[in-house]
Amino acid sequence: MIKECSYCNERINTEIDSYFVCQDNFIQTKYFDTEAENMFYSQECFCNYVQLNEYGPDDEESE
């Protein structure tokens, strides 16, 4: 079956390609209305989709 990555729209053939799915129930209910929306070509696509950023001790951004 051909699906698409929710972030980059890369085609994913679920019969031969590997793909990533978020398993966290909280994130699933907040971000995805269908199972098809919870499908990503790579881990990087998922991190970009949920806008994950890395900060270090030298960054001015603080909580």
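Anything mentioned here points back to the structure above.
Residues numbered from 1 in each chain as written. Predicted model: local features only at pLDDT ≥ 70, side-chain atom pairs only at ≥ 80, totals over all residues. Heavy atoms only, no water.

**Q** Could you give an account of a negative patch on the surface, naming the residues involved and the relevant values?
**A** A surface patch of negative charge is lined by Glu54, Asp58, Asp59 and Glu60. Mapping Asp58 onto the fold places it in the segment after helix H2 (43-49). (Patch = residues over 30% accessible without salt bridge, like charges linked within 9 Å, V, L, I, M, F, W, Y side chains within 5 Å. Areas by Shrake-Rupley, 256 points an atom, 1.4 Å probe, with all protein chains shown as cover. Salt bridge = Lys/Arg side-chain N within 4 Å of Asp/Glu carboxyl O. Lys, Arg positive; Asp, Glu negative; His and termini not counted. Charge placed at Lys NZ, Arg CZ, Asp CG, Glu CD. Helix = DSSP H or I, 4+ residues; strand = E, 2+ residues; numbered from the N terminus.)

**Q** Could you give me a rundown of the nonpolar core, with the residues and numbers involved?
**A** One recurring pattern in soluble globular proteins is that nonpolar side chains are buried together. Counting eight residues, the largest nonpolar core is built from Cys5, Ile12, Cys22, Phe32, Met39, Phe40, Cys45 and Phe46. If we ignore the near neighbours within four places in the chain, the residues touching Phe46 are Cys22, Phe32 and Phe40. (Core = buried A, V, L, I, M, F, W, Y, C linked by side-chain atoms within 4.5 Å. Buried < 20%, exposed > 50% of the residue type's maximum accessible area, 1.4 Å probe, protein only. Contact = heavy atoms within 4.5 Å.)

**Q** Give me the lowdown on unusual backbone geometry, citing residues and values where you can.
**A** Although it is not a glycine, Asn9 adopts a positive phi angle of roughly 65°. Looking at the element boundaries, Asn9 is found in the loop between strand S1 (2-4) and strand S2 (11-13). The exposure class assigned to Asn9 is partly exposed, which follows from its relative accessible area of 48%.

**Q** Lay out the packing of aromatic side chains with the relevant residues and their values.
**A** Scanning all chains against the criterion turns up six aromatic pairs. For the pair Tyr31 and Tyr49, a centre-to-centre distance of 6.3 Å together with 55° between the ring planes defines the contact as tilted. Taken as a pair, Tyr31 in helix H1 (residues 25-31) and Tyr49 in helix H2 lie far apart in primary sequence, 18 residues in all. On the basis of relative accessibility, which here comes to 41%, the residue Tyr31 falls in the partly exposed class. A relative accessible area of 25% means that Tyr49 is categorised as partly exposed. Measuring from ring centre to ring centre gives 5.2 Å for Phe40 and Phe46, while their planes differ by 75°; the resulting arrangement is edge-to-face. (Phe/Tyr/Trp six-rings, centres within 6.5 Å; stacked < 30°, edge-to-face > 60°.)

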